[in-house]
Amino acid sequence: NLALTPTILMKLGIWLNESGQHQESIGTYNRLIKSDPQSPLVPKAYFQAAQVLHKGLQQTPKAQKILRGLIKKFPDHDIVPYAQDFLRQMTAAAG
């Protein structure tokens, strides 16, 4: 039985998204977040999920909510400036 580590789940989520399987990609990121909430990959999984929701599934409000949650939950993480920038881009495009 293959153990789906956070690293494998992250790579699988990216591959699924690149293959146009956006909903499956979101499911993979959710699985990573729920199965190992302490993983250092969790903030990146949130960010990746927000990108898929916005770009792949056109669910911008959901993507914005995830990014706001990411910024609030992991304020000191390296990915936060990217999340803030992406949030600004989405807000500007909608405005």
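Just above sits the structure.
If you're wondering where the values come from, they're calculated on a predicted model, not measured in any experiment.

About the thresholds
Residues numbered from 1 in each chain as written. Predicted model: local features only at pLDDT ≥ 70, side-chain atom pairs only at ≥ 80, totals over all residues. Heavy atoms only, no water. Helix = DSSP H or I, 4+ residues; strand = E, 2+ residues; numbered from the N terminus. Rg over C-alpha atoms; globule rule 2.2 N^0.38 Å. Contact = heavy atoms within 4.5 Å. Areas by Shrake-Rupley, 256 points an atom, 1.4 Å probe, with all protein chains shown as cover. Core = buried A, V, L, I, M, F, W, Y, C linked by side-chain atoms within 4.5 Å. Buried < 20%, exposed > 50% of the residue type's maximum accessible area, 1.4 Å probe, protein only. Axes fitted to C-alpha atoms, helices over the stretch in contact; angles between N-to-C directions. Parallel < 35°, antiparallel > 145°, perpendicular 65-115°, else oblique. Expected span 1.5 Å × (residues − 1).

**Student:** How should I be thinking about the overall build of the protein chain in this particular structure?
**Tutor:** Across its full length, the protein chain holds 5 helices and 0 strands. Taken against the 2.2 N^0.38 rule, which gives 12 Å for 95 residues, the C-alpha radius of gyration of the protein chain at 13 Å falls within 12% of a compact globule. On the principal axes, the C-alpha backbone points of the protein chain span a range of 50 × 30 × 15 Å. For the protein chain, contacts bridging at least 24 residues in sequence account for 45% of all contacts bridging at least 6. When the accessible surface of the protein chain is totalled, it reaches about 6000 Å², and 54% of it is carbon and sulfur.

**Student:** Could you clarify how one ought to interpret the nonpolar core in this entry?
**Tutor:** Soluble globular proteins tend to pack their nonpolar side chains together in the buried interior. The biggest cluster of nonpolar side chains holds 23 residues, and the ones touching the most others in it are F47 and L67. Every element with two or more residues in this core is listed here: α1 (6–18), α2 (22–35), α3 (42–56), α4 (60–73) and α5 (80–94). It is α3 that provides the largest number of residues to this core, a total of 7 residues. In contact with L67, not counting residues within four places along its chain, are F47, A50, A83, F86, L87 and M90.

**Student:** Explanation requested: the packing of α1 against α3 in the structure shown.
**Tutor:** Helices that pack against each other are described as a pair by the angle of their axes relative to one another and the distance between those axes. For the pair α1 and α3, the least separation of the axes is 11 Å and the interaxial angle reads 10 degrees. One way to sum up the angle between α1 and α3 is to call them roughly parallel. Along the contact surface, α1 presents M10, I14 and N17, while α3 presents K44, A45, Q48 and V52.

**Student:** When you look at α3 in this model, what are you seeing that I'm missing?
**Tutor:** End to end, α3 covers 20 Å across 15 residues, agreeing with the expected 21 Å (1.5 Å per residue, within 8%). Buried residues along α3 sit against α1, α2, α4 and α5. A positive phi of about 50 degrees marks Q58, the residue just after α3.

Honestly, it's all geometry; don't read function into it.
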